[in-house]
Amino acid sequence: MNVLWLYSYPKTGSTWVRRVIQEILAPELSPFEAISSVQHELPKAPVSFEVWGTEMAIFKTHNPPGHPADGRVGLKDAGYISVYRHPLDVLLSSLNYSFIKGESRIFKGGILKNVDQIIQDDEIGHYIGQFIHHQGCRRYVKLCGGYAEYYRNWETVAARGPHLMLRYEDIVADKVKAITSIAHFIGREDADCTKIYEKIEEKTAIDGRFHWRKKAYNFEGYVPRRFISKFERSCADVLNYFGYEPTIQQRQKQAEVALPGDTTPPTRRKPDKEL
């Protein structure tokens, strides 16, 4: 069986990408019917699609490559799609998800709190410290390992075939462009990407489990600057790997080049990996 893998660290936007692929290839199905999630074992009868002139199943996974659930005899990796996101936004989204799920074990003192309460009680430093220690979210480190480690391991495997890397912040900036890049990657250049975007927007509610804010760089409006600076110093290698420039350094550079009276919003440096 040929397989197109949609892989990502949790809370980076893969649920949205799955819905896009489903709407392109099988609008009559639900995202979960069209693209099965691989957790403990592979689905026994996955739906297959014609992609690149061959029959292919598409699996969504948060598992690292080589996980026992992904290694059933007869699979042939044919291609890869991945999505990544600023790690501080991954952390905030993970905390929101754990709050909604009622996972008290994740929270300081076992007390459930949403992100606003965590910030108000000045406890965000506790969770940032955990991320720094594990180099990833505590909730996911056992499964995925560190954040950058997860993607490094997958990229080694993905060098074998076609590979589309999507950056969450670019998706948010231009969703139609992101949908178009996905459609072209899987050989569906005739897809009506604007219509698909409008349909998906109707179905993805803000504050849901999987679409918390539908914004990029949420951490800049939540996390106090002293904790952002601590994170950026301690996780510089992680940020550099993904092409994220430290926000404090970025603001300083923008201030140095800004013209007097210039009210144009600052622009972010493009990552090394484009859509």
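Scroll up to find the structure this text is about.
An account of the accompanying structure is given in this report. Given the structure is predicted, the values throughout are model-derived calculations rather than measurements.

## Some thoughts on the nonpolar core
Link 1 in the chain: Core analysis: the biggest nonpolar cluster contains 49 residues, and Tyr9, Ile128, Tyr147, Tyr151, Val223 and Phe242 have the highest contact counts within it.
Link 2 in the chain: A per-element tally of this core places helix H7 (residues 147–158) first, with seven residues.
Link 3 in the chain: Here tyrosine 147 is in contact with Tyr9, Thr12, Tyr84, Arg85, Pro87, Val90, Phe131, Gln135, Gly136, Val238 and Phe242, once residues within four sequence places are set aside.
Link 4 in the chain: Within the second largest apolar cluster, 30 residues are counted, among which are Val51, Ile179, Ile196 and Ile200.

## Side note on the packing of helix H9 (residues 175–185) against helix H10 (residues 193–203)
Link 1 in the chain: Between H9 and H10, the shortest axis-to-axis distance is 9 Å and the interhelical angle comes to 115°. You can see that H9 and H10 cross each other, and the crossing is right-handed. Contact residues: H9 offers Lys175, Val176, Ile179, Thr180 and Ala183, while H10 offers Cys193, Thr194, Ile196, Tyr197 and Glu201.

## Re the packing of aromatic side chains
Link 1 in the chain: The full count for this structure, using the stated rule, is 21 aromatic pairs.
Link 2 in the chain: Between tyrosine 9 and tyrosine 147 the ring centres are 4.9 Å apart and the planes differ by 85°, which places this aromatic pair in the edge-to-face class. In this pair, tyrosine 9 sits in the loop between strand S1 (2–7) and helix H1 (14–25) while tyrosine 147 sits in helix H7, placing the two residues 138 residues apart along the sequence.
Link 3 in the chain: Measuring from centroid to centroid gives 6.5 Å for tyrosine 84 and tyrosine 151, while their planes differ by 70°, and the two rings are edge-to-face. Note that tyrosine 84 is positioned in strand S5 (residues 76–84) and tyrosine 151 in helix H7, a separation of 67 residues in sequence. Accessibility classification places tyrosine 84 together with tyrosine 151 in one group, the buried group.
Link 4 in the chain: Above the ring of tyrosine 97, the side-chain terminus of lysine 11 is found at 4.0 Å from the ring centroid.
Link 5 in the chain: The cationic tip of arginine 152 hangs over the ring face of tyrosine 241; the distance from NZ or CZ to the ring centre is 4.5 Å.

## Some points on H7
Link 1 in the chain: The end-to-end C-alpha distance of H7 is 17 Å, a good match for the 16 Å that 12 residues give at a rise of 1.5 Å each.
Link 2 in the chain: Those residues of H7 lying buried are Tyr147, Ala148, Tyr150, Tyr151, Trp154, Val157 and Ala158.

## Considerations on the environment of proline 68
Link 1 in the chain: Tracing the backbone shows proline 68 in the loop between strand S4 (54–61) and S5.
Link 2 in the chain: The exposed category is assigned to proline 68, whose relative accessible area is 71%.
Link 3 in the chain: In this structure, the C-alpha to C-alpha distance between proline 68 and glutamine 39, residues 29 residues apart in sequence, is 9.8 Å.

Reading the values: rules and limits
- Residues numbered from 1 in each chain as written.
- Predicted model: local features only at pLDDT ≥ 70, side-chain atom pairs only at ≥ 80, totals over all residues.
- Heavy atoms only, no water.
- Core = buried A, V, L, I, M, F, W, Y, C linked by side-chain atoms within 4.5 Å.
- Buried < 20%, exposed > 50% of the residue type's maximum accessible area, 1.4 Å probe, protein only.
- Helix = DSSP H or I, 4+ residues; strand = E, 2+ residues; numbered from the N terminus.
- Contact = heavy atoms within 4.5 Å.
- Axes fitted to C-alpha atoms, helices over the stretch in contact; angles between N-to-C directions.
- Left-handed = near helix turned anticlockwise from the far one by under 90°.
- Phe/Tyr/Trp six-rings, centres within 6.5 Å; stacked < 30°, edge-to-face > 60°.
- Lys NZ or Arg CZ within 6 Å of the ring centre and 35° of its normal.
- Expected span 1.5 Å × (residues − 1).

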